[in-house]
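# Report on the structure
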Amino acid sequence: MNNQRGYLVILAVFLIMVTGFIGVTIASLLFGGANETLNYQQAEKALYIAETGFETAARFVLTPTLTGTNTRIGCGSLSGNSNVTNTTFGSGTFTATAVASNPVYVNATLSSAITSGATTIPLTSTTGFASAGRVRIDMEDINYGAISGNSLIAVTRGVEASYATPHASGAAVTQYQCMIDVKGGIPNLTSATYKREINQAMPLQEAWAVGAVSGGNFEMTRWNRPTEVTWTNSAISSTSAVNLNGISMLSNADGWAVGDAGSTDFTLLHWNGTSWNASSLAFACSNQNLAAVSSVYSNEAWAVGNSYKSSGKCTGSGGKQRYTILQWNGTSWSELTPSTAPSIPADNISNQNLNAVHVIDATQSGAGTLGFAVGAAGVILQYDGSNWTPASSPTTDDLTGIYIVSATEAWAVGANGTIIKWDGSSWTTVSSPTSTQLNAITMVDATQSGHATAGWAVGNSGVAISYNGTSWSSQNTGSAQNLFGVGLFGIGKDVWAGGASGTLMHWDGSAWSSISSGITTQINALSVIAPQQYPSAWQEIYP
């Protein structure tokens, strides 16, 4: 019995030791797991703080607010800015800076044609492009995650409010963006226990405006480039300088401007990302001025203007007039006639001056498939991808502006505050909040539903009206100047309007303000690049 008691004591001690060991192990595991969970949670918080830092930086770089407090700052002025440097957020802090050599402004061309489904973008050179970010080809925005040789890879086609479409060899590939580096730390960045870092690309705005000739110069001014958050006078000295009446930008390195006829030539200027260059087309009549242009792809653009006497080219009799419509095919411009392909309507005494044109690729096929040109006495011509033909108009008022939203929606404006809408089959009059002449219109479909979610039109005496997706309302600018051009970024809360005496008015979502344009002559038209602006190419930096 004594031996049995001894064994039992030994067994009891052993069991106590085993139980204690298990308890210590379980406690250690529980504590270690809790500690690892805490570490993970805090690391995630640091990442969220870094992401918040980017959102804050992006807001300051792209905010529509240009005057007053919390105004926009340029990418080049981001580093060291007090709003995004050692800024407290929650339980930590963040600092956002622009990566060296930012903003990036670079362009190249496609080394070969690509389809709408291509997942590699072949360039003539990738020199100068950011390691990741966004590019624009024609009107398509594309995100890419890396560069391999002279190709962009890991691409996402047709991002935001653009569509994946085919593009021709030689099409411009452009990039204008700010690469922002953000560090997030807990409890702070000086003695961080937890720290995360991200890089993210932010596409930047650009716009051009053109106007009346001055002192032997083609008058132009440029927004946000080369000086950020500023309009810069970009006039071009030329012995053949005339009024520029229309402009249409495809991208930062591709666009057209048109104007009054020279002595014998049409005025057609092309932007290649570095300079504006004349593209010749001879034999214009003395008053055969071009009023507007619409760029569709690098190998397709359209221009319209004053009608002319076709018999005897400029000097014919009999009263018949011919519409002026020009086509760019990627190599040269040509003037259409009733017998060319594409063709225009037959010469007629009732043929009018054309004031505005807009052509789109409604099927994402790589070519314009739908277009409208509008003009005096309510004339409307429609392009179906093959020919231009007359369309029934609900008004006899002069029409001065046109914008196509989709295959089922288009808008036009004109004299006496006229607004008309196309529903895919016919045009009808829409109630207008003004009786003052409207000169230009722009719309945006932010949801890609095929219907405008916002829009603006501007006109004489500083009139401006806005569209909210349902109806139009007056949003007068406070200026007394006639306004002839309008463009918008984003969803309609960042709007520019230009007009007489170099006037530039800006809407920031709540109020209009006057901003220096850099020129004093009349602004006849303006065009913005990439109306949708969103972050792209997020990536985390690992130590």
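The structure presented is a predicted model; accordingly, all values stated were derived computationally and were not measured. (Residues numbered from 1 in each chain as written. Predicted model: local features only at pLDDT ≥ 70, side-chain atom pairs only at ≥ 80, totals over all residues. Heavy atoms only, no water.)

## Quick word on the overall build of the protein
Secondary structure assignment for the protein yields 1 helix and 40 strands. Principal-axis analysis of the C-alpha atoms places the extent of the protein at approximately 140 × 45 × 45 Å. Counting every atom, the protein has about 22,200 Å² of accessible surface; 52% of that belongs to carbon and sulfur. With 18 positive and 29 negative side-chain charges, the protein shows a separation of 7 Å between the mean positions of the two kinds. (Helix = DSSP H or I, 4+ residues; strand = E, 2+ residues; numbered from the N terminus. Areas by Shrake-Rupley, 256 points an atom, 1.4 Å probe, with all protein chains shown as cover. Lys, Arg positive; Asp, Glu negative; His and termini not counted. Charge placed at Lys NZ, Arg CZ, Asp CG, Glu CD.)

## Brief notes about the state of the cysteines
Counted under the stated rule, the structure contains 2 disulfides. The disulfide partner of Cys-75 is Cys-178, and the S-S distance across this bridge is 2.1 Å. Disulfide Cys-75-Cys-178: torsion about the S-S bond near 75 degrees, hence right-handed. Taken together, the positions of Cys-75 in the loop between helix H1 (2–62) and strand E1 (87–89) and Cys-178 in strand E8 (residues 172–186) put the pair 103 residues apart, joining distant regions of the chain. The pair Cys-75 / Cys-178 is uniform in exposure class, with both members buried. Here Cys-285 engages in a disulfide with Cys-314; their sulfurs sit 1.9 Å apart. In this structure the cystine formed by Cys-285 and Cys-314 twists about its S-S bond by roughly -90 degrees; its chirality is therefore left-handed. One end of the pair, Cys-285, is in the loop between strand E18 (276–278) and strand E19 (290–297); the other, Cys-314, is in the loop between strand E20 (300–308) and strand E21 (322–328), with 29 residues separating them in the sequence. A relative accessible area of 30% places Cys-314 in the partly exposed class. Shown here for the protein is a disulfide pattern of 1-2, 3-4, where each number marks a bonded cysteine counted in sequence order. (Disulfide = S-S within 2.5 Å. Buried < 20%, exposed > 50% of the residue type's maximum accessible area, 1.4 Å probe, protein only.)

## Digging into the sheet that holds strand E17 (residues 267–271)
Pairing is antiparallel across the open sheet formed by 4 strands, whose spatial order is E15-E16-E17-E18. Of all the strands in the sheet, the pair left with one neighbour each is strand E15 (244–251) and E18. Strand after strand, the sheet turns through a mean of 20 degrees between neighbouring axes, direction not considered. Both E17 and E18 contribute to a ladder of 3 bridges, which runs antiparallel. Note on E18: the bridge partner recorded for His-270 is Asn-277. (Pairing = 2+ DSSP bridges. Axes fitted to C-alpha atoms, helices over the stretch in contact; angles between N-to-C directions.)

## Looking at the pattern of salt bridges
For the structure shown, the criterion picks out 9 salt bridges. Among the salt bridges present, the one from Asp-141 reaches Arg-136, with a minimum N-O distance of 3.0 Å. Across the pair, exposure class does not vary: Asp-141 and Arg-136 are buried alike. In this structure, the salt-bridge partner of Lys-183 is Glu-197, at a minimum N-O distance of 3.6 Å. One end of the pair, Lys-183, is in strand E8; the other, Glu-197, is in strand E9 (residues 194–203), and 14 residues separate them in sequence. On the accessibility criterion, Lys-183 (29% relative accessible area) is partly exposed. Overlapping salt bridges, with partners in common, bring together Asp-181, Lys-183 and Glu-197 in one network. (Salt bridge = Lys/Arg side-chain N within 4 Å of Asp/Glu carboxyl O.)

## Details of the sheet that holds strand E37 (residues 504–507)
On the basis of which strands lie adjacent, the open sheet formed by 4 strands has the order E35-E36-E37-E38 and antiparallel pairing. Taken across any chain shown, the strands that pair with only one partner, and hence form the sheet edges, are strand E35 (483–489) and strand E38 (512–514). Taking the axes of each pair of neighbouring strands and ignoring which way they run, one obtains an average angle of 20 degrees across the sheet. For E37 and E38, the ladder comprises 3 bridges, and the chain directions are antiparallel. Of the residues in E38, the one forming a bridge with His-506 is Ser-513.

## Thoughts on the pairing of E17
Where burial is concerned, most of E17 is hidden: 4 out of the 5 residues are buried. Two elements, strand E16 (residues 254–259) and E17, share 5 bridges in a ladder whose sense is antiparallel. Bridging across to E17, Gly-259 finds its partner in Thr-267. Hairpin connection, E17 to E18: the antiparallel pair is bridged by 4 residues, and Gly-273 has positive phi, about 100 degrees.

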